[in-house]
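Next come the chains, spelled out residue by residue.
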Amino acid sequence: MKKYIVGVLFFFLVFSIIIIFNSNILATKSYTKPPQELIYDSDTELKPYIDKFFRDLNNYNIYPVIPKNFTVKLSDLDAHSPTTHAHGISYGFEDDDLVEIYINKRSWEAFNKSLRYYIIYHELSHDILNLDDLSDNDNNFGKIMYPSISNYQNTTMDDFISNMKLLFDSL
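Everything numeric in this text was worked out from a predicted model, so none of it was measured.

(A) Here's a closer look at the pairing of strand 4 (residues 98-104). Across the seven residues of strand 4, five count as buried, placing the element largely inside the fold. As paired strands, strand 3 (residues 88-90) and strand 4 are joined by three bridges and run antiparallel to one another. Paired with Ser 90 across the two strands is Ile 101, which belongs to strand 4.

See below:
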């Protein structure tokens, strides 16, 4: 009987250690599953691109916490001297409680489909994934976080998809 009690106590001790260890691992993971439906403030033209960003993240088993303060809008960035000639700007970098992105209307209208994906993924990667721009050199040309996507005029959707995979594989 004494061996039985010692065995049961040993089992509960090992089981408790496993539970504590696993809960600590889960607590340090920075991603959780998002709600089924994303609710955010955005122009309807941008929504399909934003939704695709989150579907792609989920396909890579990345489930970022989505803040309540979430805005992605088209804006006349050329009308303000600090943002003249900027294609997009994000204000939520390293602030997990904020996604605030403005895409230049002029750029959006001039961009082809692949460039539109590049700009949305680039700015959302700043605000959602807290990624910084890559250095402006030839080795980084073509990548999502390259700081000067206006040089991507000849890129295709295949180029974008390859670079999107590179980005998400690196996380």
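(B) Inspection of helix 2 (residues 47-59) at higher detail. In this model, helix 2 (13 residues) spans 18 Å end to end at C-alpha, consistent with the 18 Å of a helix rising 1.5 Å per residue. For helix 2, the full list of buried residues reads Tyr 49, Ile 50, Phe 53, Phe 54, Asp 56 and Leu 57. End-on view of helix 2: buried residues confined to an arc of 160°, all on one side of the axis. Summarising the contacts, the buried residues of helix 2 are in contact with strand 1 (41-42), strand 2 (69-75), helix 3 (105-110), helix 4 (113-127) and helix 5 (157-169). Backbone geometry just downstream of helix 2 places Asn 61 in the positive-phi region, at approximately 55°.

(C) Up close: the packing of aromatic side chains. Under the criterion given, the structure shown has 17 aromatic pairs. Seen from their ring centres, Phe 54 and Phe 70 are 6.0 Å apart, and the 45° between their planes marks the pair as tilted. Of this pair, Phe 54 sits in helix 2 while Phe 70 sits in strand 2, and the two are 16 residues apart along the sequence. Judged by its relative accessible area of 3%, Phe 70 falls in the buried class. Ring plane angle 80° and centroid distance 5.5 Å describe the contact between Phe 141 and Tyr 146, whose orientation is recorded as edge-to-face.

What counts as what
- Residues numbered from 1 in each chain as written.
- Predicted model: local features only at pLDDT ≥ 70, side-chain atom pairs only at ≥ 80, totals over all residues.
- Heavy atoms only, no water.
- Buried < 20%, exposed > 50% of the residue type's maximum accessible area, 1.4 Å probe, protein only.
- Helix = DSSP H or I, 4+ residues; strand = E, 2+ residues; numbered from the N terminus.
- Pairing = 2+ DSSP bridges.
- Expected span 1.5 Å × (residues − 1).
- Arc of directions from axis to C-beta.
- Contact = heavy atoms within 4.5 Å.
- Phe/Tyr/Trp six-rings, centres within 6.5 Å; stacked < 30°, edge-to-face > 60°.

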